[in-house]
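Close look at the chain arrangement
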Amino acid sequence: MTFLSDLDIVAHALDRQIASARTGAVPVLVQRPLAEIIGNLQLDRYARAGGLEGAALEGFVKNYFQNIINLHQPGYMGHQVAVPHQGAALGTLIDGFTNNPMAIYEMGPGAAAIEYFVVNWMLEKVGWKPSPLEPESQSQAAFGGGVLTHGGSLANLTALTAARTAIRPHAWRDGNRGDLVLMAPANNHYSIERAAGILGLGTSNIFRIPTDARGAMDPRSLPQALARIRAEGKTPLALVANACSTAVGVYDPLRPIGEFCRDEGIWLHVDGAHGASALLSPTYRHLMDGVELASSLTWDAHKMMRTPSVCAALLVRDHRAIDTAFDQEASYLFHDKEQPGFDFLHRAVECTKSAMGLKFYLVLAALGEEGLAQYVERRFQLAADAYGYLRELDWVETPVMPESNILCFRVPGSDATQLELRKRILAEGNFYITSTLFQNKRYLRLVFMNPDTSLDDVKRLMGRIREIDATLESMNERG
Ligand SMILES: Cc1ncc(COP(=O)(O)O)c(C=O)c1O
């Protein structure tokens, strides 16, 4: 068997799978028991004997596809994971085969150049000055910078590391003095707390900023919060804003928050892992208004930009903040050398970095900026339309008018009822939905990631939820 014939087998199998997923001919998800999957895939046999190629590979892939979550199925309304564009999947293939760990330029000049270009493209969308193409010549000047990271969580950690270096340059060597406080709303993504833990700030040193009924940060509360922090002899490390929040997809008002941080000299980090893609759309860009006042921004391509996992970006207004964030030496990697490109290594937590930029670039180059913008607009619009539809149903409660492509609702009954409904919907295999706590209540949650999902799919889902709910009621199983 040759590589090409195996590739042909896999390519055809993928093509068939995606086509049947898109028409709804296969379920979104079937969850078989772990031991059954290991047995069916004959993992033990091939691990011992090898030889998984040709007809055996065909059987294996077919079997594997029985056990995937089919993101391309329009009933997928689940977590914030990109339903990948096929161009980007080709990027994954190329990277998998060439495996260029491009954090140092000489280990992947093409991938590094694409990352440099992609970071600049994103900086321009934010309104920050892109990095010059001859970085060495202007290293002291103020211009934007960034790095692609293996996920938004790492981008957030990298941002807060840079923020700490900015305010406490010696903390890297000497550790924290215990006086730093991170300001953030309670509904930030858990990776923010995790970063506070990893950086040794201590999660109890997160000062929670009050939010309004929609869960958006209330900027009027900021002066009082800062006064309290200072009265306790503490110093803010940074303020983290959501753009948008994970649970319900609501944007914090970035302009007044940014003005406050600018006036008080506080590092503003905007967590736009999901919602920064609104920057692409003339219709929705206003949701990110004021982002240019921030010091740093997390923006995931593997959420709203159709790029397979993982590809996220950490962007900074001033490249020096990220260039000095980590203070390290590794003689086998960091040494003086003349080179025609740029090393990202000193900007990243990761040492080995995959060619993430390639994956995202192949989506961008296939769809064009306008195509990507249209995707974002259509998904945001679908959430608005679905909200309108749900508002007509007198048995459904909708806590928040969506600002992005995330929509939450609940039916009458307890939190347990919502979870039971989700469990039954998932077991049927036609839809995949999630659930979240919001203002201490459990909601069902739809995230419109799939470009093929339509209002009709939402209506079908709601019809089924209604039927299941009626069954629960008649069986008196509703909490
Ligand atoms: C606002 C926000 N920040 C960060 C993350 C984490 O990103 P990742 O899953 O890429 O690590 C998420 C994921 O859902 C998110 O919604």
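Attention here is on the structure that accompanies the text. (Residues numbered from 1 in each chain as written. Predicted model: local features only at pLDDT ≥ 70, side-chain atom pairs only at ≥ 80, totals over all residues. Heavy atoms only, no water.)

1. Here we look at the packing of aromatic side chains
Aromatic ring pairs are described here by two measures, namely the spacing of the ring centres and the angle between the planes. According to the stated counting rule, one finds 12 aromatic pairs in the structure shown. Ring centres of tyrosine 116 and phenylalanine 342 lie 5.3 Å apart, and the angle between their planes is 65°; on these two criteria the pair is classed as edge-to-face. Separated by 226 residues along the polypeptide, tyrosine 116 in helix H6 (residues 109-126) and phenylalanine 342 in the loop between helix H13 (319-323) and helix H14 (356-392) bring together distant segments of the chain. Assigned by exposure class, tyrosine 116 and phenylalanine 342 land together as buried. An angle of 80° between the planes, with centres 5.0 Å apart, marks the rings of phenylalanine 342 and phenylalanine 344 as edge-to-face. We classify phenylalanine 344 as buried; its relative accessible area is 1%. Sitting over the face of the ring of tyrosine 375, arginine 306 holds its NZ or CZ atom 5.6 Å from the ring centroid. Directly above the aromatic system of tyrosine 432 lies the positively charged group of arginine 422, at a separation of 5.6 Å from the ring centroid. (Phe/Tyr/Trp six-rings, centres within 6.5 Å; stacked < 30°, edge-to-face > 60°. Helix = DSSP H or I, 4+ residues; strand = E, 2+ residues; numbered from the N terminus. Buried < 20%, exposed > 50% of the residue type's maximum accessible area, 1.4 Å probe, protein only. Lys NZ or Arg CZ within 6 Å of the ring centre and 35° of its normal.)

2. Points about the site of the ligand
With respect to spatial proximity, 14 residues lie near the ligand, and among them Gly152, Ser153, Asp271, Asp300 and His302 are the closest. Measuring from a nitrogen atom of the ligand, one finds a side-chain N or O atom of aspartate 271 at 2.7 Å. One of the side-chain N or O atoms of histidine 302 is found 2.8 Å from an oxygen atom in the ligand. For the ligand, whose accessible area on its own is 390 Å², the fraction buried by protein is 85%. Going through the elements one at a time, helix H7 (152-167) and helix H12 (301-304) are the ones with two or more residues in the shell around the ligand. For the shell around the ligand, the leading source of residues is H7, giving 3 residues. The residue makeup of the shell around the ligand, split by class, is 2 nonpolar, 9 polar and 3 charged. (Near = heavy atom within 4 Å. Polar contact = N/O pair within 3.5 Å; in protein donor to acceptor, adjacent residues only side chain to side chain. Areas by Shrake-Rupley, 256 points an atom, 1.4 Å probe, with all protein chains shown as cover. Nonpolar A, V, L, I, M, F, W, Y, C, P; charged D, E, K, R; others polar.)

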